[in-house]
Amino acid sequence: SDCKDNRNLRTSIRGLLMGIGDLQRLSAQTISGRIGPARLLQLGNSLKVFEELINVIDESFIGAINALSDLGSVPDLSKISTLILTSLSEDAPVLSKSGGYIASGINDKLDDYREIVSDTRGFLASLQQSERDKSGIPTLKVGFNKVFGYYLEVTNKHLDKVPEQYEQKQTLVNACRYHTPELKEAENRIVEAESQISLLESEIFSDLIKSVSASIPELTQVANFVASIDLVTAFAELSEIHNYCQPICDDSLVLDIQSG
């Protein structure tokens, strides 16, 4: 009845419910280890919204929902939600193999390797201009593909200007591609750093899933609590739309319907 009569509260509650995902499914995916970074981030965001939800509803309403969902008290999962949201990047990808899903500031070694990759790629960007200046080839460019890695590409028009230290790696119709010791060294730094980044991210994510999995019983309770809130507010919404009224039940055998 309170939920039906208090339209502002009901609107706030149902608005927050829209921001909570399928907690039961997310919990099942977590404990089975089949959850990806984006889905785990969704779980963290859902728990954060749940905290807001608890702050919106009053104690009497919480008591009624507790009785309906057979929940003694509302579990506090703020530590888990904070752990998830601080550990994962805001744009975490669906699949962990995509990389880049662990937030900066979580692991010093991870941050150091990322800095190596960033610095080395910055060096490669400046290498293109420096090699153009040294060789006198204005169209020389640094490129990359999965087969040959990083390379210096020179069009056929300027092949006569190619320095002796350039080692040819690939011939195209209109250009040739080369390696240099400097370029190879930079590539090795990037490859090694990216390998370590992948390993560290995988380890951190695995530990994160273990921490979240330890709270699965509490997550299940929260899921049941949210489902009960959804049910009650939906019933209240319907009762207002269709002008339902709450019957008064007592021990008598009288059936008294007025304006039915």
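For the structure, check the block above.
Only a predicted model underlies this, so the values are computations on that prediction, with no experimental measurement involved. Within each chain, residues carry numbers counting from 1 in the order of the written sequence. Only residues with pLDDT of at least 70 are given local features in this predicted model, and only at 80 or more are side-chain atom pairs given and counted; all residues enter the totals for whole chains, interfaces and linings. Remark: hydrogens and water are excluded; side-chain values derive from all non-hydrogen atoms of the structure.

Student: Would you explain unusual backbone geometry in this entry?
Tutor: Across residues other than glycine, the phi torsion is negative in most instances, and most of the peptide bonds are trans. With a phi close to 60°, Asn243 is a non-glycine residue in the positive phi region. Only DSSP runs of H or I with at least four residues qualify as helices, and only runs of E with at least two residues qualify as strands; both kinds are numbered from the N terminus onward. Looking at the element boundaries, Asn243 is found in the segment after helix H9 (216-241). Here Asn243 falls in the exposed class, since its relative accessible area comes to 66%. For every residue, the accessible area obtained with a 1.4 Å probe (protein chains only) is divided by the maximum for its type, and the residue is called buried under 20%, exposed over 50%, and partly exposed between those limits.

Student: Is there a simple way to think about the packing of helix H4 (residues 37-56) against helix H8 (residues 181-213) in this case?
Tutor: Two quantities define a packed helix pair, namely the angle between the helix axes and the distance between the axes. One can describe the packing of H4 onto H8 by two numbers: an axis separation of 12 Å at closest approach and a directional angle of 40°. Classified by the angle between their axes, H4 and H8 sit oblique to one another. As for how H4 packs across H8, the hand of that crossing is left-handed. Packed against H4, whose contacting residues are Pro37, Leu40 and Leu43, the element H8 presents Phe205, Leu208, Ile209 and Val212 at the interface. Think of it as three bins: nonpolar holds Ala, Val, Leu, Ile, Met, Phe, Trp, Tyr, Cys and Pro, charged holds Asp, Glu, Lys and Arg, and polar takes everything else, Gly as well. Per-class residue counts for the contact of H4 with H8 are seven nonpolar, no polar and no charged. Axis definition: a line fitted to C-alpha atoms, over the contacting stretch in the case of helices. Angles run 0 to 180 degrees between N-to-C directions. In this scheme, roughly parallel covers angles under 35 degrees and roughly antiparallel covers those over 145, while 65 to 115 is roughly perpendicular and the rest are oblique. The crossing is said to be left-handed when, going from far helix to near helix, the turn is anticlockwise and less than a right angle, and right-handed when the turn is clockwise. Should any heavy atoms of two residues lie within 4.5 Å, those residues are considered in contact.

Student: I'm lost on the side chain of Glu201 in this one. Help?
Tutor: Examined against the element boundaries, Glu201 turns out to sit in helix H8. In this structure the side chain of Glu201 is engaged in a polar contact, spanning 3.3 Å, whose partner is the backbone nitrogen of Ile102. For Glu201, the contacting residues outside a window of four places in its chain are Gly99, Gly100, Tyr101, Ile102, Leu110 and Arg114. Counted as a polar contact is a pair of N or O atoms within 3.5 Å, where, for protein atoms, one must be capable of donating a hydrogen and the other of accepting one, and residues adjacent in sequence contribute only when both atoms are in side chains.

Student: Even after reading the chapter, I still don't get the packing of H4 against H9, so can you show me in this structure?
Tutor: Their axes nearest at 12 Å, the elements H4 and H9 cross at an angle of 55°. When the axes of H4 and H9 are compared, the pair comes out oblique. Read as a crossing pair, H4 and H9 show a hand that is left-handed. Residue-level inspection shows Leu43, Leu47, Phe50, Leu53 and Ile54 of H4 in contact with H9, the latter providing Leu219, Val222, Phe225, Val226 and Ile229. Of the residues contributing to the contact of H4 with H9, the split by class is ten nonpolar, no polar and no charged.

Student: Please explain the pattern of salt bridges as it appears in this structure.
Tutor: Once their charged atoms are close, side chains differing in charge can pair, the charge on each being opposite to the other. The rule for a salt bridge is simple: a side-chain nitrogen of Lys or Arg has to be within 4 Å of a carboxyl oxygen of Asp or Glu. Scanning the model with the defined rule gives 13 salt bridges in all. With a shortest N-O distance of 2.8 Å, Arg10 and Glu237 are connected by a salt bridge. Pair noted here: Arg10 is in helix H2 (residues 7-17) and Glu237 is in helix H9, with a separation of 227 residues, a long-range link. On the basis of relative accessibility, which here comes to 1%, the residue Arg10 falls in the buried class.

Student: Sorry, what's going on with the packing of aromatic side chains here?
Tutor: Working definition: an aromatic ring pair is given by the centre-to-centre distance plus the angle between the planes. Stacked, tilted and edge-to-face are the three classes applied to pairs of Phe, Tyr and Trp rings, where Trp contributes its six-membered ring and a pair requires centres within 6.5 Å; stacked means planes under 30 degrees apart, edge-to-face means over 60, and tilted covers the rest. The tally for this structure, following the rule as stated, stands at four aromatic pairs. Ring geometry for Phe144 and Tyr150: centres 4.7 Å apart, planes at 50°, overall tilted. With 5.7 Å between their ring centres and 50° between their planes, Tyr166 and Tyr178 make a pair best called tilted. Note that Tyr166 is positioned in the loop between strand E2 (149-155) and strand E3 (167-171) and Tyr178 in strand E4 (residues 175-179), a separation of twelve residues in sequence.

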